[in-house]
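As a plain string of letters, each chain reads:
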Amino acid sequence: MSRRRARRRVILKDRKMWRLLLARLHPDAGGDPELFIFACALRDQVRGRGFAARGEGTGPPPFPGDWLGSMDSWASRNRDALKRSRRRRGTSR
């Protein structure tokens, strides 16, 4: 790998440079909101945390699936705890 390419990689991984760029593009600082979103997505891709395009690898699971699974188990535990407490008190439903 040439020095020039290695230097580019270092620059793209430099957190200070990303902070400066995002600070200038941030809408609260008078920047363009669409450019800010683009720069954030680009930074995530460079860092290896970006989402793969549809059909290319795996992305995060869809929101409702995980949330519903968590809520189902939470509701089941609460229902079981209420049943146990009612049994202890001698009240059944």
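In this text, all values refer to a predicted model and were calculated from it rather than measured experimentally. (Residues numbered from 1 in each chain as written. Predicted model: local features only at pLDDT ≥ 70, side-chain atom pairs only at ≥ 80, totals over all residues. Heavy atoms only, no water.)

### Observations regarding the overall build of the protein chain
Just so we agree on the cut-off: Starting at the N terminus, helices and strands are each numbered in turn, a helix being any DSSP run of H or I of at least four residues and a strand any DSSP run of E of at least two. For the exposure calls, accessible area comes from a 1.4 Å probe over protein chains only, and a residue counts as buried if that area is under 20% of its type's maximum, exposed if over 50%, partly exposed in between. Two residues qualify as a contact provided that any one of their heavy atoms is within 4.5 Å of a heavy atom in the partner residue. Reported accessibility uses the Shrake-Rupley method at a 1.4 Å probe radius. Residues are deemed covered only where the shown protein chains occlude them.
The helix and strand inventory of the protein chain stands at 4 helices and 0 strands. The N-to-C order of helical and strand elements in the protein chain reads α-α-α-α. When the 93 residues of the protein chain are sorted by exposure, 9% land in the buried category. The long-range share in the protein chain, meaning contacts at least 24 apart out of those at least 6 apart in sequence, stands at 20%. Here the protein chain displays about 8,700 Å² of accessible surface, and carbon together with sulfur accounts for 55% of that area.

### Concerning a nonpolar patch on the surface
Heads up, the rule is: A patch consists of residues exposed above 30% relative accessible area that lack any salt bridge, with like charges linked at up to 9 Å and nonpolar side chains (Val, Leu, Ile, Met, Phe, Trp, Tyr) linked at up to 5 Å. One speaks of a salt bridge when a side-chain nitrogen belonging to Lys or Arg is within 4 Å of a carboxyl oxygen belonging to Asp or Glu.
A contiguous nonpolar patch, built from Ile-11, Met-17 and Leu-20 and spanning about 270 Å² of accessible area, is present on the exposed surface. With respect to the element layout, Ile-11 can be found in helix H1 (residues 3-13).

### Observations concerning the pattern of salt bridges
Scanning all chains against the criterion turns up 1 salt bridge. In this structure, Arg-43 engages Asp-44 in a salt bridge whose closest nitrogen and oxygen atoms are separated by 3.5 Å. Among the residues examined, Asp-44 registers a relative accessible area of 24% and is labelled partly exposed.

### Section: the nonpolar core
Nonpolar side chains in soluble globular proteins tend to end up buried together. Note the threshold: Only buried residues count toward a nonpolar core, which is a set of Ala, Val, Leu, Ile, Met, Phe, Trp, Tyr and Cys residues joined through side-chain atoms within 4.5 Å.
Core analysis: the biggest nonpolar cluster contains 5 residues, these being Leu-22, Leu-25, Phe-36, Ala-39 and Cys-40. Take this core: its biggest share by element is 3 residues, from helix H3 (residues 33-47). Not counting chain neighbours up to four residues away, the residues in contact with Leu-22 comprise Phe-36, Ala-39, Cys-40 and Arg-43.

### Some remarks on the confidence of the model for the protein chain
Stated formally: What pLDDT expresses is the predictor's confidence in each residue, scored from 0 to 100.
Residues at a pLDDT of 70 or more form 67% of the protein chain, whose mean pLDDT is 77. Element-level pLDDT for the protein chain is lowest in H1, with a mean of 68, against a maximum mean of 90 in helix H2 (residues 15-25).

### What about a positive patch on the surface?
Applied cut-off: Only four residue types enter the tally: Lys and Arg on the positive side, Asp and Glu on the negative side, with His and both chain ends excluded. By convention, the charge on Lys lies at NZ, on Arg at CZ, on Asp at CG and on Glu at CD.
Positive charge collects at one region of the surface, where Arg-79, Lys-83, Arg-84, Arg-87 and Arg-88 lie side by side. Considering the arrangement of structural elements, one finds Lys-83 in helix H4 (residues 63-89). Judged by its relative accessible area of 40%, Lys-83 is partly exposed.

### A short note on the environment of Gly-31
Of note, Gly-31 is situated in the loop between H2 and H3. Apart from residues no more than four positions distant in its own chain, Gly-31 is found in contact with Arg-24, Leu-25 and His-26.

### Topic: the packing of H2 against H3
For clarity, the cut-off: Note on definitions: angles span 0 to 180 degrees between N-to-C directions of axes, and those axes are lines fitted to C-alpha atoms, for helices only across the stretch in contact. For classification purposes, an angle smaller than 35 degrees is called roughly parallel, one larger than 145 roughly antiparallel, one from 65 to 115 roughly perpendicular, and anything else oblique. Each crossing gets its handedness from the near helix: less than a right angle anticlockwise from the far helix is left-handed, clockwise is right-handed. For this classification, Asp, Glu, Lys and Arg are treated as charged, while Ala, Val, Leu, Ile, Met, Phe, Trp, Tyr, Cys and Pro are nonpolar and the rest, including Gly, are polar.
For the pair H2 and H3, interaxial distance at closest approach is 9 Å and the crossing angle is 165°. It follows from the interaxial angle that H2 and H3 lie roughly antiparallel. When the axes of H2 and H3 are compared, the crossing they make is left-handed. Judged by residue contacts, Arg-15, Trp-18, Leu-21, Leu-22 and Leu-25 of H2 engage Leu-35, Phe-36, Ala-39, Cys-40, Leu-42, Arg-43, Val-46 and Arg-47 from H3. Its residues assigned to classes, the contact of H2 with H3 comprises 10 nonpolar, no polar and 3 charged.

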